[in-house]
Amino acid sequence: MKQRKYTLLIAIGAMIGATSCEKFLDRQPDNKLTEQQVFTNWDRVNGEANKLYRDMRDRDKGIVTLQDFSMSGITDECKGTKVETGTPDLFNFGSFGPSIGMPAKANGIYWPDYYNSIRKANVFLECVKKYNSPDNPLREGDLKNRVAEAYFLRAYFHWLAARFYGDVFYMDYVASPSGGEQFARQPWPEFVTKIIADLDIAIAELPARHDDVDFGRADKGAAMALKAIILYMNASPMYNGGKLPGNDTRVGHAQYAAYDKSKWKLAADAAKAVLDLKNGSTLRYSLYMGKGTDWQAESNNKVYARIKQIYIDQPAILSEWVFYISNNKAESWQGDHIPPSYGGGSRLQPVQEQVDEYEFVGSDGYGYATYDPQAAAKGWDVNNPYAKRDPRFYSDIMYHGSTYQNKIINTASGADKIGASNATFTGYYLRKFYHEDWKRSGNWPLHFAVIRLPEIMLIYAEAMNRFSGPGSDVYDMLNTLRARSFMAPVPPGLDEEAMHKYIQRERRVELFYENKRYFYARWNLEPDSPAELARENSYKGAPNPAAVWPYPRTQRYAHGMRPVEDPAGAIDIGGVKYRMERFKLEDRVFTSKNYFWPLLQSELANAPTLIQSPNW
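Numbers given for residues are sequential positions, taken from 1 along each chain in its written order. Reporting in this predicted model follows two pLDDT cut-offs: at least 70 for local features of residues, and 80 or more for side-chain atom pairs to be given and counted; totals over whole chains, interfaces and linings ignore these cut-offs and use all residues. The side-chain numbers reported here are obtained from all heavy atoms of the structure, hydrogens and water having been left aside.

What follows is about the overall build of the protein. Within the protein one finds 21 helices and 15 strands. A radius of gyration in this sense is built from C-alpha atoms; the matching globule rule multiplies 2.2 Å by the number of residues raised to 0.38. Scaling as 2.2 N^0.38, a compact globule of 616 residues should have a C-alpha radius of gyration of about 25 Å, and the protein matches this with 25 Å. Projected onto the principal axes, the alpha-carbon positions of the protein cover approximately 80 × 50 × 50 Å. Within the protein, the fraction of its 616 residues that count as buried is 61%. Computed over 76 positive and 74 negative side-chain charges, the separation of the two mean positions in the protein equals 2 Å. Numbering of helices and strands runs from the N terminus, with a helix taken as a DSSP run of H or I at least four residues long and a strand as a DSSP run of E at least two residues long. With a 1.4 Å probe rolled over the protein chains alone, any residue whose accessible area is under 20% of its type maximum counts as buried; one over 50% counts as exposed, and the rest are partly exposed. Under this rule, positive means Lys or Arg and negative means Asp or Glu; His and the chain ends count for nothing. A charge is said to be at NZ when it belongs to Lys, at CZ for Arg, at CG for Asp and at CD for Glu.

For the rest of this paragraph, the subject is empty space enclosed by the protein. Empty space within the largest cavity amounts to approximately 130 Å³. Put simply, the grid is 1 Å and covers the protein atoms alone, a cavity is a trapped set of points that fit a 1.4 Å probe, a pocket is an open set with protein on both sides within 12 Å along at least five of seven lines, and lining residues have an atom within 4 Å of a point. Lining the largest cavity are 13 residues, with I74, F91, N92, R522 and V589 sitting closest to its centre. Of all elements in the fold, only α3 (87-92) and α19 (517-523) reach the threshold of two or more residues within the lining of the largest cavity. A per-class count over the lining of the largest cavity returns seven nonpolar, four polar and two charged. Grid points are joined across faces, edges and corners, and a volume is the space filled by probe spheres set on the points. When residues are sorted by character, Ala, Val, Leu, Ile, Met, Phe, Trp, Tyr, Cys and Pro go into the nonpolar class, Asp, Glu, Lys and Arg into the charged class, and all the rest, Gly among them, into the polar class.

Let's shift gears to the environment of Q314. Its place among the elements puts Q314 in helix α11 (residues 314-319). Expressed as a C-alpha distance, the spacing of Q314 and Y288, which sit 26 residues apart in the sequence, is 9.9 Å.

Let's shift gears to the sheet that holds strand β13 (residues 557-565). Between any two strands, at least two bridges found by DSSP are needed for them to pair. If you walk across this open sheet you meet the three strands as β13-β15-β14, and the pairing is antiparallel. The two strands at the open ends of the sheet, each matched to only one other strand, are β13 and β14 (571-573). For this sheet, the mean inter-axis angle between neighbouring strands, taken without regard to orientation, is 45 degrees. Here β13 pairs with strand β15 (residues 576-587) via nine bridges, running antiparallel. Within the sheet, the bridge partner assigned to P563 lies in β15 and is M580. Angles shown run from 0 to 180 degrees and are taken between the N-to-C directions of axes, each axis being a line fitted to C-alpha atoms and, for helices, limited to the stretch in contact.

It is worth spelling out the side chain of T424 at this point. Topologically, T424 is positioned in the loop between β10 (407-408) and β11 (429-430). Residue classification places T424 among the buried positions, given a relative accessible area of 0%. Polar side-chain contacts of T424 include one of 3.0 Å to the backbone nitrogen of G427. Residues count as neighbours in contact if any of their non-hydrogen atoms are within 4.5 Å of one another. In this structure T424 touches S346, Q349, T411, D416, K417, I418, G419 and Y429, once residues within four positions along its chain are discounted. N or O atoms closer than or at 3.5 Å make up a polar contact, with two conditions inside protein: a donor-capable atom paired with an acceptor-capable one, and, for residues adjacent in sequence, both atoms drawn from side chains.

Below, the discussion takes up the layout of surface pockets. Here the largest pocket is characterised by a volume of approximately 1,000 Å³. Together, 46 residues line the largest pocket, and E497, H500, K501, Q504 and E526 are the ones closest to its centre. Sorting the residues of the lining of the largest pocket by element identifies α14 (373-377), α18 (496-510), α19 and α20 (530-541) as the ones contributing at least two each. For the lining of the largest pocket, the leading source of residues is α18, giving ten residues. Residue classes in the lining of the largest pocket are distributed as 19 nonpolar, nine polar and 18 charged.

In this analysis, rings of Phe, Tyr and Trp, with Trp reduced to its six-membered ring, are considered paired at centre separations within 6.5 Å, and the interplanar angle assigns stacked below 30 degrees, edge-to-face beyond 60, and tilted for intermediate values. Scanning all chains against the criterion turns up 53 aromatic pairs. Between F152 and F323, the aromatic rings sit 5.2 Å apart at their centres with planes inclined by 75 degrees, giving edge-to-face as the arrangement. On the criterion of sequence distance, the pair formed by F152 in helix α5 (residues 142-165) and F323 in strand β4 (residues 321-330) is long-range, its members being 171 residues apart. Look at Y170 and F191: their rings are 5.6 Å apart centre to centre, the planes differ by 70 degrees, and that puts the pair in the edge-to-face class. Here Y170 is found in the loop between α5 and α6 (188-205), whereas its partner F191 is found in helix α6, with 21 residues between them in sequence. With relative accessibility at 2%, the residue Y170 sits in the buried group. Consider the ring centre and the ring normal. A charge sits over the ring if Lys NZ or Arg CZ is within 6 Å of that centre and within 35 degrees of that normal. Of note, R163 hangs over the ring of W159, and the distance from its end group to the ring centre comes to 4.6 Å. Directly above the ring of W549 sits R582, whose terminal nitrogen or CZ lies 3.7 Å from the centroid.

Everything listed is a geometric property; what it means functionally is a separate question.
What follows is the structure, encoded as structure tokens:
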């Protein structure tokens, strides 16, 4: 394969029992190349490595993980429309299972898909060793990097499977050609040992930063960051002292019942290693700090340009993005999501549950949840709900009265009103990731950050808070991240639980719409935590449940906010005043089954030694 230089990003992007390397090679079109010919030629070896990256894109589709929708649509972040078979509704209303199957449009992210890609990584690693594959004759060390990248990608594919299916089995070899192997799920600690072993190989061999010609491939920091995320999962209630509801049939469930505080220290240390990683004499990663205090044009001085440019500017990608998918989508994605009055289809719309997580900036200069009693004492006005909020709110979400491209969004009348054709159901429109100056002309690529530095910062803050309490290191980490987006600091004097709530809220805001909420809620067993179940009981027993907030984080409800004409209202659009009124949008299905995805009956028939996911 002839090398070429990229302007910024590289453009790369079943049964489990396998036989030989040759059987599973993606053969050349003439179908005449032998496995030996492939793995004794550098260009072909490099081509096989690139195919693993193409598989990575198919298994983790970033902003369109559900084919036409983000993962946000199956969480308490967003509501999806009914276009393209309405995939989010199929998940939210329980229309999937071992017999009826999984939503078809979300293809490429199910059990056999992951193990198909794992098989390819194993074939690559085995055949490179078997044939003593040659290095790049034009640049020494490329083969070493490709092998280390394959170890990383093998770990990455396993992690993707574990996120959805829980206890899986770590396939670190090419299965015997004779067949007859008994594949069984492995206890989580065994899985962790094996995935960390692969990541440690990648960490030891990969550079801190690839040269520009290979920028975008997995590097040392990507492997270190994935290790930190795995160890966070290992410390979370899902695997560390929590109780999975229902009948916990996970093969290693007895090992997860006891709480081990030291697991938090392991996660903190792994995250700190990423934060301290250097490329030469400088830190490899740093928060994007561009644009100063500039306002985004045509936003009525509400949207800071810096917050928008985190997802667009090349310096942000170079310094803050740890692992990402290049050219994940393009301008058509924005066209699908902007309001109808701009020619869009509002495909995914934020729900009130997400809006409530953006804090209010109090009169004392600290941030408070709008549902925190202290907020009212510091100036929060429930009748003017969009004033003095976290600056990320204005960058992420369009609301009744917001300004986008010098036009005021009106969800009470006109094309953008709630319930109009292709309009919002919730009273909100998405704004995050938008190129604000795009007006349905011009082309641009949308890259997607799979892991950004803030996720690792929050893992460190949460892990240290759980291990030793809210010390200065925890405050510094959290406040540094908030200050980057011009958000007020957290108040002093918090105890561990209060700080934990701030960290969890920060994660929901900073990583909104980045495919994180679905998993972090489950790893923390949040839907079945005593606090959330108690909140749900109060909610269900209220005469007007929509008025009882914060809403229970049990993943069983979605709410919106509608404008109501009122002469005393705080929001004025064209001389008409409105007050905002909460309403219940829909009930959703979330039971003990929904912590993991099921194996299909056909998969269990192919591998009878596998057990079904819990409660299915």
